[in-house]
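Spelled out from the first residue to the last, the chains are:
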Amino acid sequence: MIEVQGLTKVYGNKTAIDNLTFTVEQGEVVGFLGPNGAGKTTTMRVLSCFMPPSSGTAKVNGYDIHTQALEVRRRIGYLPEHNPLYTDFTVTQYLNFVGEAKGLSRLSRRQKVGEVIERCLLHDTREWIIGRLSKGYRQRVGLAQALLGDPPILILDEPTIGLDPKQIIEIRSLIQDMQGERTVILSTHILPEVSMVCQRVIIINGGRIVAVDTPESLTHRLQRSTQVRLHIEGPPDQITDRLREMAGVLRVETTDGAGALHRYLVETEKERDLRQELARVVCGSGWGLLELRPVDMSLEEVFIHLVTEEPDSVTVDR
Amino acid sequence: MDIGLGGPMGILAIFKKEMRVYFASPIAYAVFTIFLVISGFFFYTLLTYFSLISAQASMNPGLATGLNVTDGIVRPLFGNMSVILLFVMPLITMRLFAEERKQGTLELLLTYPVRDAEVLLGKFLAATAFSGLLLLTTALYPLLLALWSEPELYPILTGYLGLLLLAMAFISLGLLCSSLTENQIVAATLAFGALLLFWIIGWAAMLAEGDWALLFRYLSIVDHLASFTQGVIETKDLVYYLGVTSFFLFATLKSMEIRRWKG
């Protein structure tokens, strides 16, 4: 469990994170979402006790990051952004060193190293030199290193960056497996990742928290307008004009089509369901209605909304 | 969860890791080769010169007074080895922090449950052990001498102790330089410059007067080696080397702390 209270980090005259406050419950997988330079890495470095904050405090499993840094570090598995590894070592040598540095005794080290090797599917490459491994395998080594010693909390900074799609799926499923068993904070700027693996999202931009919510309700909350997708057979110009005349319609757009068959995107006012009316109008005018469905705003769009707006105009959930 | 012993175990973990990195990288072998070739060359020239003088002394007994292998070969050899150390020690210490910072591995290392001091001591001891091995390989030369003559044992032992202490002082200064930058070349250059300054500061003693001259002579890092090669362990020299080493280790610890704040 992590409690962050008013965390601020200033580099010179640049404020990297500004008064962050949030809590992460035990067993939760929380996504840290934000554009590059939003302060994700800084937050993670502070939480992992790599560097102290300028002000504010954080408690990890009840231990203070200022006064009990060693206790905090014993309970955290950290995977930094570029997954730094000793490339001259073999996988086993490296994990053995990490086990020693984490203070595992010789006996439990052998067992735990074996466990993380199995867990991260590294058994075939255990005697390989890390420098010769592919990026996906290196990422698994990085994850294995974080998992070693069974820390209750994992902090993963951009765990899937630079991987190919197959590797991304592997790493994600490794993270998903840990749900409930460990508390995980992961940062990313890939939106689908958040909705796939996280129960909660913390969106930060410019060093401040912009929103904290579940991926679903975030999508819901930020829908300013509802969109309806239509597929209609009929004269496109007439249809567009007719739809525009309807009360509650904000915008009509032809997305694609050929001949008499076209797809339309109709944007209507929020909280106003125009689906029945739309159907009536289309059918009443004698055109053929082939499809009508509401569009759920993707998180990607939510995100663009979030980061392009002033922080004050969005209700900040703390 | 398994928390373990902490302290000594953290130092040991870092120590073993650094030793492995030393012998996995070509730098170690390059340093060993250079050190052995040059010290071997010095040994050869000293030996040849000494046998020449001895041959003349056998015809002219007046020359033979004060002629012995300890003063003629062993002591100058130790002096020469200290010069080679000046050149190679920055190469041994340059990567210890700079390289890890550049690769980003330091970030991970400093989030493991080890204290900064344990990381520092692990690295320091690894570099010291590495230099110890380097010096040990040159034990071949006194052994060769012992086959055909009778060098005094004691000055050889204290001489090696002196060289090791000198190496430790060099290492601590090198560590400080390595902790200041993420560029290995910069670290090596800084260390080499600083060591050279410490070396030649003794020359200023010739120009200065009174207490200043004493101070400069005392600061000179190589002057303190002389008594060791004569078979004498003087407290002031011991204090000097250990003092310099602890001072720079402490400075490195503070530099690590400052670096943490800067991130």
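None of these values were measured; they are calculated from a predicted model.

**Observations regarding the interface of chain B and chain A**
Phase 1: Counting from both sides, the interface comprises 32 residues of chain B and, opposite them, 35 residues of chain A.
Phase 2: Both sides of the chain B and chain A interface together cover about 3,300 Å² of buried area, and 63% of this is carbon and sulfur.
Phase 3: Inspection of the region where chain B meets chain A yields 2 salt bridges.
Phase 4: Its salt-bridge partner being K16 of chain B, residue E100 of chain A comes within 3.2 Å of it at the nearest N-O pair.
Phase 5: Scanning the region where chain B abuts chain A turns up 12 residue pairs in polar contact (both at pLDDT 80 or more).
Phase 6: Mapped by element, the contributors of at least two residues to the side of chain B that touches chain A are α1 (7-24), α4 (95-103), α5 (105-109) and α13 (235-262) of chain B.
Phase 7: With 9 residues, α1 of chain B is the single largest residue contributor to the side of chain B that touches chain A.

**Things to note about the domain arrangement of chain A**
Phase 1: The domain boundaries assigned to chain A delineate domain 1 (2-221) and domain 2 (225-296).
Phase 2: Its C-alpha centre places domain 1 of chain A at a distance of 46 Å from the equivalent point of domain 2 of chain A.

**Quick word on the nonpolar core**
Phase 1: Ranked by size, the top nonpolar core spans 142 residues in total, and within it Y94 of chain A together with L85 of chain B carry the most contacts.
Phase 2: If sequence neighbours within four positions are ignored, Y94 of chain A has contacts with P84, L85, Y86, F89, I130, V141 and Q145 of chain A together with L108 and Y112 of chain B.
Phase 3: Judged by nonpolar contacts, the second largest core, of 15 residues, contains I239, V249, L274 and W287 of chain A.

**A word on the packing of aromatic side chains**
Phase 1: Enumeration according to the criterion identifies 19 aromatic pairs over all chains in this entry.
Phase 2: Ring plane angle 70 degrees and centroid distance 5.4 Å describe the contact between Y240 of chain B and Y241 of chain B, whose orientation is recorded as edge-to-face.
Phase 3: In this structure Y241 of chain B comes out as buried when scored by relative accessible area, which is 0%.
Phase 4: Ring centres of F247 of chain B and F248 of chain B lie 5.2 Å apart, and the angle between their planes is 75 degrees; on these two criteria the pair is classed as edge-to-face.
Phase 5: A relative accessible area of 10% places F248 of chain B in the buried class.
Phase 6: Joined through ring pairs, the aromatic side chains of Y22, F23, Y29, F32 and F130 of chain B make up one cluster.
Phase 7: The ring of Y137 of chain A carries the charged tip of R140 of chain A above its face, separated from the ring centre by 4.3 Å.
Phase 8: Taking the ring centre of F97 of chain B as reference, the NZ or CZ of K123 of chain B above it sits at 5.2 Å.

**Re the pattern of salt bridges**
Residue and element names in this part refer to chain A.
Phase 1: As enumerated under the stated definition, the model contains 28 salt bridges over all chains in all.
Phase 2: We note a salt bridge from K166 to E170, for which the minimum N-O separation is 3.4 Å. Of this pair, K166 and E170 both sit in helix α6 (residues 165-177), 4 residues apart, which is roughly one turn of that helix.
Phase 3: Through salt bridges that share partners, K112, R119, D150, E181 and R182 make up one connected network.

**Regarding the packing of helix α3 (residues 69-93) of chain B against helix α9 (residues 184-200) of chain B**
Residue and element names in this part refer to chain B.
Phase 1: Relative orientation of the contacting elements α3 and α9 amounts to 155 degrees, with a least axis distance of 8 Å. Relative to α9, the element α3 is oriented roughly antiparallel. Here S82, V83, L86, F87 and P90 of α3 lie close against α9, whose contacting residues are A188, A191, F192, L195, L196 and W199.
Phase 2: In terms of residue class, the contact of α3 with α9 is made up of 10 nonpolar, 1 polar and no charged.

**Concerning the packing of helix α6 (residues 116-137) of chain B against α13 of chain B**
Residue and element names in this part refer to chain B.
Phase 1: Between α6 and α13, the least distance of the axes is 10 Å, while the angle of their chain directions is 130 degrees. Regarding the angle of α6 to α13, the classification is oblique. Crossing angle aside, the handedness with which α6 passes α13 is right-handed. Of the residues in α13, those touching α6 at D116, A117, V119, L120 and F124 are T245, L249, T252, L253, M256 and R260.
Phase 2: Among the residues making up the contact of α6 with α13, the classes are represented as 7 nonpolar, 2 polar and 2 charged.

**Here's the deal with the environment of E170 of chain A**
Phase 1: Exposure remark for E170 of chain A: the relative accessible area of 23% places this residue in the partly exposed category.
Phase 2: Separated by 49 residues in sequence, E170 of chain A and L121 of chain A have C-alpha atoms that sit 9.8 Å apart.

**Topic: the sheet that holds strand β5 (residues 63-64) of chain A**
Residues and elements named next belong to chain A.
Phase 1: Here 4 strands make up an open sheet; going across it, the order is β2-β1-β4-β5 and the pairing antiparallel. On the outer flanks of this sheet lie β2 (14-24) and β5, each paired with one strand and no other.
Phase 2: Where strand β1 (residues 2-11) lies against strand β4 (residues 55-60), 5 bridges are found, and the strand directions are antiparallel. Pairing of Q5 across the sheet is with T57, part of β4.
Phase 3: Lying on the sheet, helix α1 (residues 40-47) is in contact with β1, β2 and β4; it crosses β2 at an angle near 65 degrees.

**Here we look at the sheet that holds strand β7 (residues 153-157) of chain A**
All names here are of chain A.
Phase 1: Within the open sheet, the 6 strands sit side by side as β6-β7-β8-β3-β9-β10. Their pairing is mixed. What marks the edges here is a single partner per strand, and that holds for β6 (76-79) and β10 (208-213). Put simply, the sheet's adjacent strands are angled 15 degrees from each other on average, direction ignored.
Phase 2: Sheet contacts for α1: β3 (29-33), β6, β7, β8 (183-188) and β9 (200-205); angle to β8, the most-contacted strand, approximately 150 degrees.
Phase 3: Contacting β6 and β7, helix α5 (residues 135-147) runs over the sheet at an angle of about 160 degrees to β6.

Conventions we followed
- Counting restarts for each chain, with residues numbered from 1 along the sequence as it is written.
- In the order they appear in the text, chains get letters beginning with A and ligands get numbers beginning with 1.
- In keeping with the predicted nature of the model, local features appear solely for residues at pLDDT of at least 70, side-chain atom pairs appear and are counted solely at 80 or more, and the whole-chain, interface and lining totals rest on all residues.
- Derived side-chain values reflect all non-hydrogen atoms in the structure, with water molecules and hydrogen atoms excluded from consideration.
- Throughout, a residue-residue contact means that at least one pair of heavy atoms, one from each residue, lies within 4.5 Å.
- Buried area: the accessible area, evaluated with a 1.4 Å probe, that two parts lose upon being put together, summed over both parts.
- Any Lys or Arg side-chain nitrogen located within 4 Å of an Asp or Glu carboxyl oxygen qualifies as a salt bridge.
- Whenever a nitrogen or oxygen atom comes within 3.5 Å of another N or O atom, the pair is scored as a polar contact, on the condition that within protein one atom can donate a hydrogen and the other can accept it, and that pairs from neighbouring residues in sequence are kept only if both atoms are in side chains.
- Where helices and strands are cited, they refer to DSSP runs of H or I of at least four residues and of E of at least two residues respectively, numbered from the N terminus.
- Domain start and end points were adopted from an automatic or database domain assignment.
- Buried residues of nine kinds, namely Ala, Val, Leu, Ile, Met, Phe, Trp, Tyr and Cys, make up a nonpolar core once their side-chain atoms join them within 4.5 Å.
- Partly exposed describes any residue whose relative accessible area lies between the buried limit of under 20% and the exposed limit of over 50%, with all areas from a 1.4 Å probe on protein chains only and scaled to the type maximum.
- Here is the rule: rings of Phe, Tyr and Trp (six-membered ring for Trp) pair when centre to centre is within 6.5 Å. Planes less than 30 degrees apart are stacked, more than 60 are edge-to-face, and the remainder are tilted.
- Here, a charge over a ring is recorded when the distance from Lys NZ or Arg CZ to the ring centre is within 6 Å and its angle to the ring normal is within 35 degrees.
- Angles shown run from 0 to 180 degrees and are taken between the N-to-C directions of axes, each axis being a line fitted to C-alpha atoms and, for helices, limited to the stretch in contact.
- When an angle is under 35 degrees it counts as roughly parallel; over 145 it counts as roughly antiparallel; between 65 and 115 it counts as roughly perpendicular; any other value is oblique.
- Charged residues are taken to be Asp, Glu, Lys and Arg, nonpolar residues to be Ala, Val, Leu, Ile, Met, Phe, Trp, Tyr, Cys and Pro, and polar residues to be all remaining types, Gly included.
- Take the far helix as your reference; a near helix turned counterclockwise from it by less than a right angle gives a left-handed crossing, and one turned clockwise gives a right-handed crossing.
- Note: two strands are recorded as paired if DSSP finds a minimum of 2 bridges between them.

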